[in-house]
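# Survey of secondary and tertiary structure
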Amino acid sequence: MNMKHIQATVKLLSGLSLGLMLQTAWAGNITDIKVTSLTDNKKIVKIKFDSDVTEPKGFVTGTPPTIALDFPNTSLNLSQTDFAYNDSLLGKILAAETSGRSRLAIDLREGSEYYTERKGDEIWVHISSKSASPKSLTTQSEPAIKTSSAPIGNAAQLPSNENEYAHSGVSIDFKKGSASRGEITLNLPNPKTKFDIKRLADRLIVTLPNTSISTAEQKKLDVSTFGTPVRFINLTRNNSQTQLEIITTGGWSYQNKLENGRQVFHIIPQSNVSQAGLSSKNQKFKGSNVTLDFQNVEVRTILQILAKESGMNIVASDSVQGSMTISLKDVPWDQALQLVLDARDLDKRQNGNIINVAPREELLSKDKRNLTAAKELEELGPLISQSFQLKYKSVEEFRTVLNIPVSGATSTSDRNSILSSRGSALIDPATNTLIINDVISSLRKIQTLIEELDVPSQQVMVEARIVEAGTGFSRELGTRWFGQQTHIGSSGNTATGIGAGIVGSAGNSGSNNAWAGPMNFANIPSVNLGASAPTSSIAVVRQTLSGALGLELSASEATNKTKTISSPRVLTQNGKKAEIKSGTEIPYQEASSSGATSTSFKEAVLGLVVTPRITPDGNIIMDLDITNDSVDNSCRASEPCISTNNLNSTVMVENGGTIIVGGIYRRSNGGVHDKVPLLGDIPVLGNLFKRQTKNDEQRELLIFITPRIMSATGTNLRY
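Reference entry: report on the structure contained in this document.

What counts and how
Residues numbered from 1 in each chain as written. Predicted model: local features only at pLDDT ≥ 70, side-chain atom pairs only at ≥ 80, totals over all residues. Heavy atoms only, no water. Helix = DSSP H or I, 4+ residues; strand = E, 2+ residues; numbered from the N terminus. Buried < 20%, exposed > 50% of the residue type's maximum accessible area, 1.4 Å probe, protein only. Contact = heavy atoms within 4.5 Å. Areas by Shrake-Rupley, 256 points an atom, 1.4 Å probe, with all protein chains shown as cover. Salt bridge = Lys/Arg side-chain N within 4 Å of Asp/Glu carboxyl O. Pairing = 2+ DSSP bridges. Axes fitted to C-alpha atoms, helices over the stretch in contact; angles between N-to-C directions. Core = buried A, V, L, I, M, F, W, Y, C linked by side-chain atoms within 4.5 Å. Expected span 1.5 Å × (residues − 1). Arc of directions from axis to C-beta. Parallel < 35°, antiparallel > 145°, perpendicular 65-115°, else oblique. Left-handed = near helix turned anticlockwise from the far one by under 90°. Nonpolar A, V, L, I, M, F, W, Y, C, P; charged D, E, K, R; others polar. Disulfide = S-S within 2.5 Å.

### A look at the overall build of the chain
- When you go through the chain residue by residue, the secondary structure sums to eight helices and 43 strands.
- In the chain, which comprises 719 residues, the share counted as buried stands at 37%.
- A sequence separation of at least 24 residues applies to 61% of the contacts in the chain between residues at least 6 apart.
- As presented, the chain carries roughly 41000 Å² of accessible surface, and 50% of it is formed by carbon and sulfur atoms.

Dropping the structure here:
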């Protein structure tokens, strides 16, 4: 082989090696792995590539199974290679790179099945629990993967039982974009699927006509923790159409774009007027860099140079004159233009790729003339009548908004109203219709206002729990002494009691007879300090032929525990007052000054009056008035006495949270000591001449409040 052939062979081998190196360099990198949870214990593992998405080859091994996905000519560019999940289906994901390929091992906790599909620059791995499908999971080492780049509605990607697992091809995804914007991805059955967009004050509604999703595909995502204007995302079915509802908070605007065959809605936060004024001082310039170095050159010449560098058409007014010295290096052309305008007190107005430059006063004067002419045309324009039938709001609520007097339509130039000076408004409560007669510009503003305000209000279920608990304890100890001596005299039998001077005679009957004496006397205790309602007693009687001596020890002890739970609850709209009562009305006679009597009533009710207001961040502020009254039967007044427990407060609670809004704790204890003088003071033995009573009572009242925002789309799915 001669030298020329050797050189040609070397060149050929070098070219092949270079080609293989370039092919390897062009292979994509796996840059991110995310997992999305769906209903029915389904997961989607999203594998993102920076370029050149590679279809994987996969197989299933082990029990519980492990899904192994091999991506040839693919590298890993991940911040971590081990992802662990606390989930009933998904255990962990391990990523490794070897021999010019990358492998993902997805460990599962139970038997499952999966299939993959390509979505733009991502590979989606759909994993469903085996218990949710009659199809058993393949455990062989053969490939058990389905791959396709067609939309998800393609039948080739679905399990064999299409009726049970039919997929409409509609799904949603969310991520936080740059500048705290929320990005909602709407997967459509076909990129050309038609949809309607309607913007309201606090939400964006996207309707897909003639597109129906299954029950399993309906879901609600709570994304309020991401710090974007988006709070909730609802994907619901409404008869034969599907509706995507994006609930927002604060100021926002939106853009929708078709990206990789999917509709992406960008919800962009908007600052208020004061913040916008501050941000204008720090403008961001994005033009290509230019370098200018001139001394004493005319301003019109600098504008001409900037026009050539930027590709824009800059038109300068005849009043733009003067010269300036400028030296700039690698500055965006739009920033250089702004510097020139500020230095010469000039301003600009841009329309497309045409920029008009003139003195600031000249442009402001022109703007003022245009606004004055527009106002005159509006005042002189024809009046047009249009009716708006409200769906959810009452027309009476628009009296304040439009400043409509109760008597009907009037028009005064000094009133503060959205109507023009010539406009008027009427309301028809019977048909809930608002009739406006005004110029076309005012009608458009009113129509936009109605679209923002005439929306279904959220409803709040407010539940109050009133727990009243009481415990009581009482103890009473006492003694009764009896003693008598019988003496037979000439006038008959007499009995003399010893003790407190209580004397009985034959035939007398005492109110506290304890024993019958041996000589047929009615015996009355001489020391009567026994328990008033004893539960037990011990009596000792010693009698002789001519007398008797008795001692009785009595005692009583009582404990009581009560617990009463009242739970009024009421459902009302956001911002609307609701009231509920349950109880009795007590009649009583009331006399007038003339002497006539009439029957009046007092209420003893359990009542709840509440006005809830939902805050933009999902909390609930409530004005509360809770009453728990009962009749006090121990009161002996001419009118019924009411035992009242009342709370009046304003609180803020999170949705579904419970808070104690009030409580009352009362405790009373005391004791009574009755004794015989002198004898009751004797140490130890004095207890036989005493009665002791002890009372201890505790009562506690607690009031709990639990508000819940009611939604027709079901419970929240934390995302």
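Read on, since the account is not over.
### A closer look at the pattern of salt bridges
- Under the defined criterion, the tally for this structure stands at 24 salt bridges.
- Aspartate 347 serves as the salt-bridge partner of arginine 360, at 4.0 Å between the closest nitrogen and oxygen. Within this pair, whereas arginine 360 is found in helix α6 (residues 360-380), its partner aspartate 347 is found in strand β23 (residues 346-351), the two being separated by 13 residues in sequence.
- One salt-bridge network, in which partners are shared between bridges, spans Asp342, Asp345, Asp347, Arg349, Arg360 and Asp367.

### Some points on the pairing of strand β17 (residues 241-248)
- Among the eight residues that make up β17, six are buried, leaving the element largely enclosed by the rest of the structure.
- Relative to β17, strand β14 (residues 203-208) runs antiparallel, the two sharing six bridges. Bridge pairing in β17 links arginine 203 to isoleucine 247.
- With eight bridges joining them, strand β16 (residues 230-238) and β17 adopt antiparallel strand pairing. Bridge pairing in β17 places arginine 237 opposite threonine 242.
- Hairpin connection of β16 to β17: two residues between the antiparallel strands, including asparagine 239 at a positive phi of 60°.

### Concerning the sheet that holds strand β40 (residues 646-654)
- Across the sheet, four strands lie side by side as β35-β36-β37-β40; this open sheet has antiparallel pairing. Sheet topology places β35 (578-591) and β40 at the edges, where each strand pairs with a single neighbour. Across the sheet, the mean angle from the axis of one strand to that of its neighbour is 20°, orientation sign disregarded.

### Points about the nonpolar core
- The biggest cluster of nonpolar side chains holds 24 residues, and the ones touching the most others in it are Ile47, Ile106 and Ile127.
- Leave out the neighbours within four places in its chain, and isoleucine 127 touches Asn41, Lys42, Lys43, Val45, Ile67, Leu89, Ile106, Leu108, Ser112, Glu113 and Tyr114.

### A look at helix α4 (residues 299-310)
- With 12 residues, α4 should reach 16 Å at 1.5 Å per residue; the first-to-last C-alpha distance of 16 Å fits that figure.
- Along α4, the residues that are buried comprise Val299, Ile302, Leu303, Leu306, Ala307 and Ser310. Along the axis of α4, the buried positions cluster into a sector of 140°, meaning they face one direction only.
- In this fold, the buried residues of α4 make contact with β20 (289-298), β21 (313-316), β22 (323-332), α5 (333-343), β23 and β24 (354-359).
- Downstream of α4 by one or two residues, glycine 311 has phi in the positive range, about 80°.

### Points about the sheet that holds strand β10 (residues 122-129)
- Spatial strand order, β5-β1-β2-β10-β9: five strands in an open sheet with mixed pairing. In the strand order of this sheet, the two ends are held by β5 (75-76) and β9 (112-119), each with one partner.

### A word on the side chain of glutamine 263
- As for its position among the elements, glutamine 263 is in strand β19 (residues 262-269).
- Filtering out sequence-adjacent residues up to four positions away, glutamine 263 remains in contact with Ile184, Thr185, Leu186, Leu188, Phe195, Asn256, Lys257 and Leu258.

### Re the packing of α4 against α5
- Between α4 and α5, the shortest axis-to-axis distance is 10 Å and the interhelical angle comes to 165°. With respect to each other, α4 and α5 are oriented roughly antiparallel. Regarding α4 and α5, the two cross each other, and that crossing is left-handed. Contacts from Val299, Ile302, Leu303, Leu306 and Ser310 of α4 reach α5 at Trp333, Ala336, Leu337 and Val340.
- Tallied by class, the residues present in the contact of α4 with α5 amount to eight nonpolar, one polar and no charged.

### What to know about the state of the cysteines
- Scanning the model with the defined rule gives one disulfide in all.
- Across the disulfide from cysteine 635 sits cysteine 641; the S-S distance is 1.9 Å.
- Take cysteine 635: its relative accessible area is 28%, and that puts it in the partly exposed class.

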